[in-house]
Amino acid sequence: MKNKNSVSYHSYQEMAEYYYEKVDEKPFNAYYERPGLIELIPDINGKKVLDAGCAAGWYTDWFLKHGAEVTAVDFSPKMIEMTKKRVDDKADIIQADLNEPLDFLKDGSMDIVVSSLTLHYLKDWDRIMKEFNRILNKEGSLVFSVHHPFMDYSYFDVDDYFETRLLKDTWSNNVEVEFYRRPLSEIIRPVTDNGFLIEKVTEPMPTEDFKEKEPNSYERLTKKPQFLFLKARKE
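Residues numbered from 1 in each chain as written. Predicted model: local features only at pLDDT ≥ 70, side-chain atom pairs only at ≥ 80, totals over all residues. Heavy atoms only, no water.

Draft legend 1. Up close: the packing of helix α3 (residues 58–65) against helix α4 (residues 77–87). Put simply, α3 and α4 touch, their axes get as near as 9 Å, and they point 30 degrees apart. Regarding the angle of α3 to α4, the classification is roughly parallel. Once α3 is placed against α4, the crossing between them reads as right-handed. Residues Trp-58, Thr-60, Asp-61 and Leu-64 of α3 lie in contact with α4, whose contacting residues are Thr-83, Arg-86 and Val-87. Looking at side-chain class alone, the contact of α3 with α4 contains 3 nonpolar, 2 polar and 2 charged residues. (Axes fitted to C-alpha atoms, helices over the stretch in contact; angles between N-to-C directions. Helix = DSSP H or I, 4+ residues; strand = E, 2+ residues; numbered from the N terminus. Parallel < 35°, antiparallel > 145°, perpendicular 65-115°, else oblique. Left-handed = near helix turned anticlockwise from the far one by under 90°. Contact = heavy atoms within 4.5 Å. Nonpolar A, V, L, I, M, F, W, Y, C, P; charged D, E, K, R; others polar.)

Draft legend 2. Structural context of the nonpolar core. Membership of the largest hydrophobic core comes to 46 residues, with the highest contact counts inside it found for Leu-50, Leu-119, Phe-132 and Phe-144. Those residues in contact with Leu-50, other than ones at most four positions away along the chain, are Thr-71, Val-73, Leu-102, Leu-105, Met-110, Ile-112, Val-113, Val-114, Phe-132 and Ile-135. Residues Ile-41, Ile-44, Leu-64 and Ala-91 belong to the second largest nonpolar core, which totals 31 residues. (Core = buried A, V, L, I, M, F, W, Y, C linked by side-chain atoms within 4.5 Å. Buried < 20%, exposed > 50% of the residue type's maximum accessible area, 1.4 Å probe, protein only.)

Draft legend 3. The sheet that holds strand β4 (residues 110–116), seen in detail. Spatially, β3-β2-β1-β4-β5-β9-β8 is the arrangement adopted by the 7 strands of the open sheet, whose pairing is mixed. On the outer flanks of this sheet lie β3 (92–95) and β8 (196–202), each paired with one strand and no other. Averaged over all pairs of adjacent strands, the angle between strand axes in this sheet comes to 15 degrees, irrespective of strand direction. As defined by bridge partners, strand β5 (residues 136–147) adjoins strand β9 (residues 227–234) across 7 bridges and the pair is classed as antiparallel. Residue pairing for β9: Phe-144 is matched across the bridge by Leu-230. The sheet contacts of helix α2 (residues 27–38) involve β4, β5 and β9, and relative to β9 the element is tilted by about 30 degrees. (Pairing = 2+ DSSP bridges.)

Draft legend 4. Local environment of α2. Here α2 contains 12 residues, and its C-alpha end-to-end distance of 15 Å stays within 8% of the 16 Å for a straight helix at 1.5 Å per residue. Of all 12 residues that make up α2, 10 are buried, and the element is covered over most of its length. What α2 keeps buried is the set Pro-27, Phe-28, Asn-29, Ala-30, Tyr-31, Tyr-32, Glu-33, Arg-34, Gly-36 and Leu-37. (Expected span 1.5 Å × (residues − 1).)

Draft legend 5. Representation of the packing of aromatic side chains within the structure. Scanning the model with the defined rule gives 16 aromatic pairs in all. Among the aromatic side chains, those forming a connected cluster through ring pairs are Tyr-12, Tyr-18, Tyr-19 and Tyr-121. We note Arg-34 situated over the ring of Trp-58; from NZ or CZ to the ring centre the distance is 4.0 Å. Positioned over the ring face of Tyr-161 is Arg-181, at 5.2 Å from the centre of the ring. (Phe/Tyr/Trp six-rings, centres within 6.5 Å; stacked < 30°, edge-to-face > 60°. Lys NZ or Arg CZ within 6 Å of the ring centre and 35° of its normal.)

Draft legend 6. View of the pattern of salt bridges. Tallying each qualifying case throughout the model produces 13 salt bridges. One salt bridge connects Asp-124 with Arg-127, and the closest N-O pair in it is separated by 3.5 Å. Overall, the relative accessible area of 31% leaves Asp-124 in the partly exposed class. What makes Arg-127 partly exposed here is its relative accessible area of 36%. Look at the salt bridges and you will find they share partners, linking Asp-126, Glu-186, Arg-189 and Asp-193 into a network. (Salt bridge = Lys/Arg side-chain N within 4 Å of Asp/Glu carboxyl O.)

Below you can see the structure in the form of C-alpha cells.
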C-alpha cells in the first residue's frame, strides 16, 4: 500500500517501462551511480540482501548473479511488475512502501540492506533507519546512495541549506518528480542515531565511459557532485 506521505508514486508508475527499457544503459545510472554504490557493497555471495527501492530490478538481478538471496521491495506496482519481468521468481519481490514498517521481514533476517537513489523520496529517515536496523543481523551492513545535498541546494537555488524541503523537478522524459532535499547533517544523524556506525562516505567521480557518453555532464560532475554514497554497519 502507498502511504499518504509518499511522493512521486504516480511518476514512477508512469516511468516503470521506461526504466525497464532504458536504465541499464542510462549514463547517470550505469556509469556514475552504479560503480560508486557497488564499490561499497560487501561480498554478497550466500548473503540475504534487501533491495530497498528496487525500481525496475537492475540491482535485484545483479545481487542474484553474485550469489545473494534477495528480497526486493518498491512502492510502485508497475515497478514491481518490471522487476518480476526481469528476474522471474528468483527473488522475493514485494510491493511495500518504505514509509511504512516492513512487518513482513523478521528481526535480524537480513545480512545487507542496499538502497539505490531511493531515500530522498522519504521525509522521515528515523523510521526507516530503525526498520533497517531491526531487520539486519548483528553484523549487518547498510549501503545507500542519495542526492548530494550540495547539488540540490545549488541547482534548485534553495534559500535555506538547513531546511528539509520537498522539491520538484522535471526530468528529460518530461515526467515531474518530487523528492526531499536535506542538509548533510540530516543524512548522517538518522543513521548514527538509530544504531549504525558509519564506515565510509564517498563522492565518486563519473567513469571514463560516462565521459564518452556525456562529456558536458562529465565536466560538471567532476566539479559539482550529484550523488552521495554511504556505508554503515549495525552497532
